[in-house]
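# Architecture at a glance
One-letter residues, chain by chain:
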Amino acid sequence: MSSELHFKSIADLSGLLENRQVSSVELTTAVIGRTKAVDARVRAFNSFDESGALAQAAASDARRGAGKARGPLDGIPVGLKDVIAVANQPLTASSRMLANFVSPYDATVTVRLKDAGAVLWGRLNCDEFAMGSSTENSAFGPTANPWDLSRVPGGSSGGSSAALAAGEAIATLGSDTGGSIRQPAALCGVVGLKPTYGLVSRYGLVAFASSLDQIGPFARTVEDAAIVLSTIAGHDPHDSTSFKAAVPDYRAELKQRRGPWRLGIPQEYFGAGLDPEVNAAVQRAIAFYEARGCTIKEVSLPHTQYCLDTYYIIATAEASSNLARFDGVRYGHRSKDAKDAVDLYFKSRSEGFGAEVKRRIILGTYVLSSGYYDAYYLRAQKVRTLIRQDFLNAYREVDALLTPTSPAPAFKLGEKSDPLALYLCDIYTIGVNLAGLPAVSVPCGFTGGGLPIGLQLIGQPFQEAELLAIARGYEEGHEWGQRHPVL
Ligand code: GLN
């Protein structure tokens, strides 16, 4: 266990806070100090409000002093991806379009974190409107991977993963539409959980592709991810897709569920393009589970080859519709030299959006246009059903699936200039979003060059308790998550 406060887990810190061995102001000051020491190099933050964070910390200490502490997150600094609304704070989606936008309201996850006493710390960088796999699409410049500053932290939630790995927050939130929590978690050596579609409210999340988007936690340990998930999950009348069901105490459930489990290995996830060191680490994880008495079974997800195409039709179609609201009239950037209304829309959107966002709006508009809708969008929806059915068929025989999270470890900043090369980073993560399933990435080793590798476990709908227990089963036998980058 690290002796530095900024590298400790929520579970450890909540104990120290409870026993008055540390105060939230001391902890928050340590995290702020760490951020100031390293963020010029990591560039995980778009902005932060130091005095606001210290005021929240002081309020937490006062509550605790009065015997009114609210639970394990009370007084813990938690960073939010800059697509999650916090009232009276900037909300940029890392876009010029929203560069000067201040949110008038809180997202539901923000309300729940505030109610739990968390200290909300800063706005974390990401790819513009969460479109990308490296944070290089941020209008404000890329975030660096704390393990090797010349490399990407993954994306789109790269600020969330990098800040956590670098000790600039104790936990963070990201959003995952096609892998944006799990892939950066893998590349930065932290835990990242994408919940079942509908478990966590999307109210107050800047929408990218509404049928795929889910908010979830980044954390140092599986137990910490369980703590955050219990706080943010649950029905919300503001989000009509949020599921009406009681949310278990995921942390308590971890202790109840001990396996052994039946784990499926989808053969389609171990083919060409998989880095040999990543494969070797995942094979060792499979052997570990087997040695612990788990049943390992090869399974097939036969429609896997259509995931990427299906995703890039559905996600861009939804994005083109969601991003229509940024018209220079109501939100964000407005062009200064427009002649008339049409010119205002045209110039505001031309100036406000970056290249990748424009590419997706154009592609999405095309697949939805009359004459092409049936051939592309409607057909993609049908294939999506087949992809989901593949997973549900596999779950007749196994409790969860085990795969690599990302086909390769972190690549160099600037290395992938072709959009398709970046789209391929999500080859193992997008099927999960199309099927609406929960999945977690857990650290499972390092390359010879010292870069983190992630193991992905994919669970059954709304079975996060079991999924996290399986992840914890691996984590208990390994110490990968306790290593920290030297900065
Ligand atoms: N990299 C994928 C994309 O660019 C996924 C992004 C995400 O999950 N937000 O669409």
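Below, the structure is looked at part by part.

Analysis parameters
- Residues numbered from 1 in each chain as written.
- Predicted model: local features only at pLDDT ≥ 70, side-chain atom pairs only at ≥ 80, totals over all residues.
- Heavy atoms only, no water.
- Patch = residues over 30% accessible without salt bridge, like charges linked within 9 Å, V, L, I, M, F, W, Y side chains within 5 Å.
- Areas by Shrake-Rupley, 256 points an atom, 1.4 Å probe, with all protein chains shown as cover.
- Salt bridge = Lys/Arg side-chain N within 4 Å of Asp/Glu carboxyl O.
- Helix = DSSP H or I, 4+ residues; strand = E, 2+ residues; numbered from the N terminus.
- Phe/Tyr/Trp six-rings, centres within 6.5 Å; stacked < 30°, edge-to-face > 60°.
- Buried < 20%, exposed > 50% of the residue type's maximum accessible area, 1.4 Å probe, protein only.
- Contact = heavy atoms within 4.5 Å.
- Polar contact = N/O pair within 3.5 Å; in protein donor to acceptor, adjacent residues only side chain to side chain.
- Expected span 1.5 Å × (residues − 1).
- Arc of directions from axis to C-beta.
- Near = heavy atom within 4 Å.
- 1 Å grid on protein atoms, 1.4 Å probe; cavity = no way out; pocket = protein on both sides within 12 Å on 5 of 7 lines; lining within 4 Å.
- Sits in = over half its atoms within 2 Å of the grid points.
- Nonpolar A, V, L, I, M, F, W, Y, C, P; charged D, E, K, R; others polar.
- Pairing = 2+ DSSP bridges.
- Axes fitted to C-alpha atoms, helices over the stretch in contact; angles between N-to-C directions.

## A few points about a nonpolar patch on the surface
There is a patch of nonpolar side chains on the surface, built from Leu363, Tyr366, Tyr372 and Tyr376 and spanning about 340 Å² of accessible area. Relative to the elements of secondary structure, Leu363 occurs in helix α12 (residues 355–368).

## Topic: the packing of aromatic side chains
Scanning the entire structure with this criterion turns up 22 aromatic pairs. Their ring planes at 70° and their centres at 5.9 Å tell us that Phe129 and Phe353 sit as a pair that is edge-to-face. With Phe129 in the loop between β3 (119–124) and α5 (158–165) and Phe353 in the loop between α11 (341–352) and α12, this residue pair connects regions lying 224 residues apart in the sequence. Taking relative accessible area as the criterion, Phe353 reaches 2% and is therefore assigned buried.

## Examining unusual backbone geometry
Ser156 follows Gly155 through a cis peptide bond whose omega is 10°. Structurally, Ser156 is set in the loop between β3 and α5. Cis geometry marks the peptide bond from Gly259 to Pro260; its omega dihedral reads 0°. For Pro260, the position within the fold is in the loop between α8 (250–256) and β7 (262–266). Phi at Ala130 is positive, roughly 65°, even though this residue is not glycine. Structurally, Ala130 is set in the loop between β3 and α5.

## With respect to the environment of Ser150
Inspection of the secondary structure assignment puts Ser150 in the loop between β3 and α5. For Ser150, a relative accessible area of 29% gives the class partly exposed. For Ser150 and Gly67, which are 83 residues apart along the polypeptide, the C-alpha to C-alpha distance reads 47 Å. What Ser150 contacts, discounting residues up to four positions off in sequence, is Lys412 and Leu413. At a separation of 2.7 Å, a polar atom in the side chain of Ser150 contacts the side chain of Asp148. Of the polar contacts made by the side chain of Ser150, one reaches the side chain of Lys412; its length is 3.0 Å.

## A short note on α12
For α12, which comprises 14 residues, the first-to-last C-alpha distance of 20 Å matches the rise-based estimate of 20 Å (1.5 Å per residue) to within 8%. The complete set of buried residues in α12 reads Glu356, Val357, Arg360, Ile361, Gly364 and Val367. One face of α12 carries all of its buried residues, which in axial projection span an arc of 135°. Opposite the packed face of α12, turned more than 90 degrees from it, sit the exposed residues Ala355 and Ile362. The elements touched by buried residues of α12 are α10 (307–322), α11, α13 (374–394) and α14 (419–423).

## Focus on the site of the ligand
Lining the immediate surroundings of the ligand are 15 residues, of which Gly178, Ser180, Tyr311, Arg360 and Asp426 lie closest. Between Ser133 and the ligand, the recorded distance is 2.8 Å, taken from a side-chain N or O atom to a nitrogen atom. Between the ligand and Arg360 there is a distance of 2.7 Å, counted from an oxygen atom to a side-chain nitrogen or oxygen. Protein chains shield 100% of the accessible area of the ligand, which is 290 Å² for the free molecule. At a threshold of 2 Å from the grid points, most atoms of the ligand map onto the largest cavity. Here the shell around the ligand is built from residues that sort into 5 nonpolar, 7 polar and 3 charged.

## What to know about the sheet that holds strand β4 (residues 171–176)
Taken in spatial order, the 11 strands make up an open sheet running β1-β3-β2-β4-β6-β5-β10-β11-β9-β7-β8, and their pairing is mixed. Among the strands making up the open sheet, the edge pair consists of β1 (45–47) and β8 (295–299). For this sheet, the mean angle separating the axes of adjacent strands, direction not counted, is 35°. The pairing of β1 with β3 spans 2 bridges and is classified as antiparallel. Paired with Phe45 across the two strands is Leu124, which belongs to β3.

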